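# Observations on the three-dimensional arrangement
Each chain is listed here by its residues.
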Amino acid sequence: MRSPAGLFKLQVQTMKSEAMWDQLAGNWDQPGVSLGENDLRLIEKTRKYLAASAVILDYGCATGSIALELAPTVKTVYGLDLSARMIELARRKADERQAANTNFMHATIFDERLEAASLDAILAFSVLHLTEAPAQVLARINHLLKPGGVFISATPCLGEKNLTSRLINVPLMLLSKIGILPPINFFSGSQLAAAITAASFRLIETETLSGPPTSECFFVARKI
């Protein structure tokens, strides 16, 4: 259990992160920012794991672009983001598309409205490296999935040991430390894979979607 000081620190960091993402929301769907070529490839890779009867959660959904693309092929999509502005835009887009099977929530993954063992799949795209407590987040994801449910993630693995990555990581670390950027986890692909399996998952697909300096690691894992 977290100490009161630890809980307060997490709340402050969440507030800072929310303010930053709220500021970015207005430009999120500009060309080249949302649903680029890599995102479309990610959507296609994800679809094969989603049955028509599936109830899924897009954790860190931003303005809902990926969730809305997947909505026609599943029963229900929940989108979750800590930015109220992102969720406002996602809801507007859902209304425009008449996507009645979507539900966008301004919340964290620990929100009590999310029920244990209620989801067939949880997606986490470009979010795990920005979580303050990744081990706890992964445990929570496992808790929310039905037995045999799948966790699908795509994460920038900034901790790969190559010269280019190190040159990029130094300014990122400094900006995160002084509070301009949220906390950043500098995972390597192997470290992230180990963290996922440690949270009672079995990896069933792994792929590096993009190369250095910011390798994006795609993992599909099934709840044990």
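Here goes a summary of the coordinates provided. (Residues numbered from 1 in each chain as written. Predicted model: local features only at pLDDT ≥ 70, side-chain atom pairs only at ≥ 80, totals over all residues. Heavy atoms only, no water.)

## Some points on the packing of aromatic side chains
- Under the criterion given, the structure shown has one aromatic pair.
- With 5.6 Å between their ring centres and 35° between their planes, Phe 151 and Phe 201 make a pair best called tilted. Of this pair, Phe 151 sits in strand β5 (residues 145-157) while Phe 201 sits in strand β6 (residues 201-210), and the two are 50 residues apart along the sequence. The two residues Phe 151 and Phe 201 agree in class, both being buried. (Phe/Tyr/Trp six-rings, centres within 6.5 Å; stacked < 30°, edge-to-face > 60°. Helix = DSSP H or I, 4+ residues; strand = E, 2+ residues; numbered from the N terminus. Buried < 20%, exposed > 50% of the residue type's maximum accessible area, 1.4 Å probe, protein only.)

## With respect to the sheet that holds β5
- Here seven strands make up an open sheet; going across it, the order is β3-β2-β1-β4-β5-β7-β6 and the pairing mixed. Two strands close off the open sheet at either side, each with one partner strand: β3 (102-106) and β6. Neighbour-to-neighbour, the strand axes of this sheet turn through a mean angle of 15°, independent of strand direction.
- Inspection of the sheet shows β6 paired to strand β7 (residues 215-223) by eight bridges, in the antiparallel sense. Within the sheet, the bridge partner assigned to Thr 206 lies in β7 and is Phe 219.
- Across the sheet, helix α2 (residues 37-47) is in contact with β4 (119-125), β5, β6 and β7; its angle to β6 comes to roughly 155°. (Pairing = 2+ DSSP bridges. Axes fitted to C-alpha atoms, helices over the stretch in contact; angles between N-to-C directions. Contact = heavy atoms within 4.5 Å.)

## A closer look at the pattern of salt bridges
- In the structure shown here, the tally under the stated rule is ten salt bridges.
- Among the salt bridges present, the one from Glu 207 reaches Lys 45, with a minimum N-O distance of 2.7 Å. Residue Glu 207 is located in strand β6, and its partner Lys 45 is located in helix α2; the two are separated by 162 residues in the primary sequence.
- Residue class for Glu 207 comes out partly exposed when judged on its relative accessible area of 26%.
- Arg 113 is the salt-bridge partner of Asp 111, the closest N and O atoms lying 2.9 Å from each other.
- Residue Arg 113 is classed as exposed on the basis of its relative accessible area, which comes to 53%. (Salt bridge = Lys/Arg side-chain N within 4 Å of Asp/Glu carboxyl O.)

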